[in-house]
Amino acid sequence: MNEFMKNLHKEFVRLGRERNQITYKLLSLLPKINELKIYEKEGYANIYDYAAKIAGLSSGVVEKALKLEGKLQDMPHLQKAIETHGINKVGIVAGLATKENEKELAEKVIHMSKPALQEYSKEARGKVTTGWQVELDQEMMFIFLKLKKKLGKNLSNKECLRKILDEMQERSGSQGRSQTAGKKPNPQRQAQEVAKIPGEKITRYISVHQKRKLSEQCSHQNCHRPAEVIHHPDRFSQNRNHKNLKPLCKQHHEFAHNGISEPMQPADYQYRKYRQVVLV
Ligand SMILES: [Zn+2]
Ligand SMILES: [Zn+2]
């Protein structure tokens, strides 16, 4: 991308974030407006009509905001988090919330990304995925059966798929652990991330020798994602060594720095400040 394109994108992102902030505030006002029936006094048929005509909010979003408010009675921190971080992120943890833990959950909403929150909520509800069922469409079935015929000899579908995956894995060789996450790696972005996490480095900055000793899989219990970050449980900035390294996926790396899988350490408060810049 050239400079012009980059700036155009930047401007779009900036305005998008601004608009999101306004939407969060609008949604946080709706429950009270609904309760006091202000829409009626202003001549609107209902709260949905009111929100759509004045602020262009869809009925789905309005419904979600009202429902969420209902669930969060007497939970001031999570209600406040709706205003600053939106109904979607708060909605992810709303099912786990009690009066006792709501303050802590609001902290997580503020400091963690959406995918990490989703993972957190799943684990807290004991819904960790240990297996996948993937549906094949007709074209995929045909290709699969063709390959199966080649691989041959009374293989079950599962065994056949395992062979295909093994072969693909072999072919792609050791093209780097941090590049297996589905998305195309963006070295620039990775470099930025290094700067955002004080004292932590991404795989390629650690010696090849050390890297080889580490697993390619995230080391969090029951996680099957490829590791994307080499995490220092001793917090490199406090304890300058490369011992005890832990490969983690991005989500579980957030766990480690948000007091979920490891206790909060001084460096983590610093880390949160950096994270805030990228989390909206
Ligand atoms: Zn880390
Ligand atoms: Zn993980």
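Check the entry above for the structure.
Residues numbered from 1 in each chain as written. Chains lettered and ligands numbered in written order. Predicted model: local features only at pLDDT ≥ 70, side-chain atom pairs only at ≥ 80, totals over all residues.

1. Re the environment of S59
Thinking step 1. By the secondary structure assignment, S59 is in helix α4 (residues 59-71).
Thinking step 2. Here the alpha-carbon distance between S59 and I47, two residues twelve residues apart in the chain, equals 8.9 Å.
Thinking step 3. In this structure S59 touches Y48 and A52, once residues within four positions along its chain are discounted. (Helix = DSSP H or I, 4+ residues; strand = E, 2+ residues; numbered from the N terminus. Contact = placed C-beta atoms within 7 Å.)

2. A short note on unusual backbone geometry
Thinking step 1. One non-glycine residue, K37, adopts positive backbone phi at about 55°.
Thinking step 2. Mapped onto the fold, K37 is located in the loop between α1 (3-35) and α2 (38-41).
Thinking step 3. For K37, a count of 13 C-beta atoms within 10 Å puts it in the partly exposed group.
Thinking step 4. A positive phi is found at D74, a non-glycine position, where the angle reads about 60°.
Thinking step 5. Positionally, D74 belongs in the loop between α4 and α5 (76-94).
Thinking step 6. Residue class for D74 comes out exposed when judged on the 9 C-beta atoms lying within 10 Å of it. (Buried ≥ 20, exposed ≤ 12 C-beta atoms within 10 Å, placed from the backbone.)

3. Some thoughts on the environment of G95
Thinking step 1. In this fold, G95 is placed in the loop between α5 and α6 (102-111).
Thinking step 2. Judged by the 10 C-beta atoms lying within 10 Å of it, G95 falls in the exposed class.
Thinking step 3. Linking G95 and K71, residues 24 residues apart in sequence, is a C-alpha distance of 8.3 Å.

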